[in-house]
Amino acid sequence: MGGWFSKLGSWSGRVAYLDTHAGRGTHRGGQLGSPLVALRTLLAHQHRERLLARCEFFFNLIEKDEENLAALKREIATLGPLPPRIRVHPIAGDFSEVLQAMLDHLASRKSELAPAFIFVDPYGFSIPGALLENLMQAGRVELFVNVMWRYLDMAIANAKATDSAGMASRLDAVFQGPEWRARINSQDLDKRAKQAVELLCEKLHSRWATPIRMLGDNNQTKYLLVHFTNHDSGRELMKDCIWKVCPQGGYFVRGRDDPAQETLITPTPDLAPLRDWVLKLLASKPHRWSELHDSLLSQDWRKPHLRRALGTLRDERKIVGEDYHGRFGPKSNPLIRLR
């Protein structure tokens, strides 16, 4: 959120954060809920005053349970008076109805939604795919969706095994059609999860889908946090954020709140797969550094990883740079070929 507020707040006059299931504000263990994480991130932002000088920030926090909503309002009140350009709107109601009414209002005015980050965190797996698609098309929108994969996967298996019309109908609504029957068919749990994300990405008309697999106690995928965006800068920012949590790049984190729990990954990434990817690209033809940067967007790796990999390959005399001035790097944009 810190990077997203900074990017959007530097040029847009209005930015919106929407939380579809805002909850009580804090969890039973004292951890902050997503609305307070987002709010506190902006309040503590190192460029807060500069951002607020040119941008308004709207926090629309939707919560259906009245008791939860009252608790959330109390938690927000503990933050004290907020700057006038930070506007918080706790909203009572079902998220799908609230968001649909918002979309209808925008359509009636023939206007777009302000640049928005929407956190979709349902209490089950019945995510209305058509609604999410319409949100993606409503403006510069990024969706961060909690896909309850374990339950969704069981529902898919049960629907196929029992031919339950009711369950099939719910899944048709999630995936906007019956293609899930044929498209989500791998025998491997994680490969099925990947197939599900790919189908959702296609249905939402999203350019990029960046999933993070959250693991349960048995090291199997429990749920997926998936970032959908149509903007390269949004994809790049999400990759940067994930690498801070998952230095190895496998996008694995344990689904536990215990801070003493050991991480599943090591802090030093293995760049061998990236090196192989670079060599494979260069085997077809020479590439400019900028071309490799552009191609890297579809991969899990970050630009600093590419720089390290190219430097190592050059030291090993496996590649050579041509047609550039100054240091071998992205600014000089050399033409790189196999030696």
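What you see is a predicted model; the values in this text were computed from it and never measured.

**A look at the overall build of the protein**
Now for step 1: Looking only at helices and strands, the protein has 14 helices and 11 strands in total.
Now for step 2: In terms of overall size, the protein behaves like a compact globule, its C-alpha atoms giving a radius of gyration of 22 Å where 339 residues would be expected to give roughly 20 Å.
Now for step 3: Taking the principal axes of the C-alpha coordinates as reference, the protein spans close to 65 × 60 × 50 Å.
Now for step 4: Taking all 339 residues of the protein together, 46% fall into the buried category.
Now for step 5: When contacts within the protein are restricted to residue pairs at least 6 apart in sequence, long-range pairs at least 24 apart make up 66% of them.
Now for step 6: Only carbon and sulfur atoms are counted for the fraction: they give 50% of the accessible area of the protein, which is about 17400 Å².
Now for step 7: Of the charged side chains in the protein, 48 are positive and 39 negative; the average position of the first set lies 6 Å away from that of the second.

**Things to note about the confidence of the model for the protein**
Now for step 1: For the protein, mean pLDDT is 90; residues scoring 70 or higher make up 93% of the total.
Now for step 2: Across residues 253-266, confidence stays below pLDDT 50; counting only partners more than four residues off in sequence or on other chains, it has 28 contacts.

**Quick look at the environment of Arg54**
Now for step 1: Tracing the sequence through the fold places Arg54 in helix H3 (residues 48-54).
Now for step 2: Considering only alpha carbons, one finds Arg54 and Arg24, 30 residues apart in sequence, at a separation of 31 Å.
Now for step 3: Not counting the four nearest positions on each side in its chain, Arg54 is found in contact with Gly9, Ser10, Ser12, Gly13 and Arg85.
Now for step 4: At 2.9 Å, the side chain of Arg54 forms a polar contact with the backbone oxygen of Ser10.

**A look at the packing of aromatic side chains**
Now for step 1: The final tally for this structure, using the stated rule, is 11 aromatic pairs.
Now for step 2: Between Phe117 and Phe144 the ring centres are 6.0 Å apart and the planes differ by 50°, which places this aromatic pair in the tilted class. Here Phe144 lies in strand S5 (residues 139-147) and Phe117 lies in strand S4 (residues 113-120), a separation of 27 residues in the sequence. Per residue, the accessibility class of Phe117 equals that of Phe144, and both read buried.
Now for step 3: Arg314 extends its terminal NZ or CZ atom over the ring of Phe328, reaching a point 4.4 Å from the ring centre.

**Quick word on the sheet that holds strand S9 (residues 287-288)**
Now for step 1: The 3 strands are arranged S9-S11-S10 in an open sheet whose pairing can be described as antiparallel. Strand pairing shows two members of the sheet lacking a second neighbour, S9 and strand S10 (319-322), which therefore form its edges.
Now for step 2: Where S10 meets strand S11 (residues 335-338), 4 bridges bridge the pair, whose relative direction is antiparallel. Residue pairing across strands places Val320 opposite Arg337, the latter belonging to S11.

**Details of helix H12 (residues 272-284)**
Now for step 1: Over its 13 residues, H12 runs 19 Å from end to end, which matches the ideal 18 Å to within 8%, given 1.5 Å per residue.
Now for step 2: For H12, the full list of buried residues reads Leu274, Arg275, Trp277, Val278 and Leu282. Down the axis of H12, the buried side of the element spans an arc of 160°, and every buried residue falls inside it. Along H12, the residues that are exposed and aim more than 90 degrees away from the buried face are Asp276, Lys280, Ala283 and Ser284.
Now for step 3: The secondary structure elements touched by the buried residues of H12 are S9, helix H13 (289-296), helix H14 (303-315), S10 and S11.

**Here's the deal with the pairing of S5**
Now for step 1: The element S5 is extensively covered by neighbouring structure, given that 8 of its 9 residues are classed as buried.
Now for step 2: Pairing between S4 and S5: 6 bridges, direction parallel. Residue pairing across strands places Leu113 opposite Gly139, the latter belonging to S5.
Now for step 3: Handedness of the crossover is the feature at issue here: the chain leaves S4, passes through helix H6 (residues 129-136), returns alongside S5, and the resulting connection is right-handed.

**Brief notes about the nonpolar core**
Inside soluble globular proteins, nonpolar side chains tend to come together where they are buried.
Now for step 1: Counting 45 residues, the largest nonpolar core has Leu143 and Phe175 as the members making the most contacts within it.
Now for step 2: Top contributing element to this core by residue count: helix H10 (residues 189-204), with 8 residues.
Now for step 3: For Phe175, the residues in contact, after removing those within four places along its chain, are Leu152, Ile156, Trp180, Ile184, Ala196, Leu199, Leu200 and Lys203.
Now for step 4: Residues Phe57, Leu61, Val88 and Ile212 belong to the second largest nonpolar core, which totals 30 residues.

Cut-off values and rules
- Residues numbered from 1 in each chain as written.
- Predicted model: local features only at pLDDT ≥ 70, side-chain atom pairs only at ≥ 80, totals over all residues.
- Heavy atoms only, no water.
- Helix = DSSP H or I, 4+ residues; strand = E, 2+ residues; numbered from the N terminus.
- Rg over C-alpha atoms; globule rule 2.2 N^0.38 Å.
- Buried < 20%, exposed > 50% of the residue type's maximum accessible area, 1.4 Å probe, protein only.
- Contact = heavy atoms within 4.5 Å.
- Areas by Shrake-Rupley, 256 points an atom, 1.4 Å probe, with all protein chains shown as cover.
- Lys, Arg positive; Asp, Glu negative; His and termini not counted.
- Charge placed at Lys NZ, Arg CZ, Asp CG, Glu CD.
- pLDDT = per-residue confidence, 0-100.
- Polar contact = N/O pair within 3.5 Å; in protein donor to acceptor, adjacent residues only side chain to side chain.
- Phe/Tyr/Trp six-rings, centres within 6.5 Å; stacked < 30°, edge-to-face > 60°.
- Lys NZ or Arg CZ within 6 Å of the ring centre and 35° of its normal.
- Pairing = 2+ DSSP bridges.
- Expected span 1.5 Å × (residues − 1).
- Arc of directions from axis to C-beta.
- Right-handed = clockwise from strand over helix to strand, strands pointing away.
- Core = buried A, V, L, I, M, F, W, Y, C linked by side-chain atoms within 4.5 Å.

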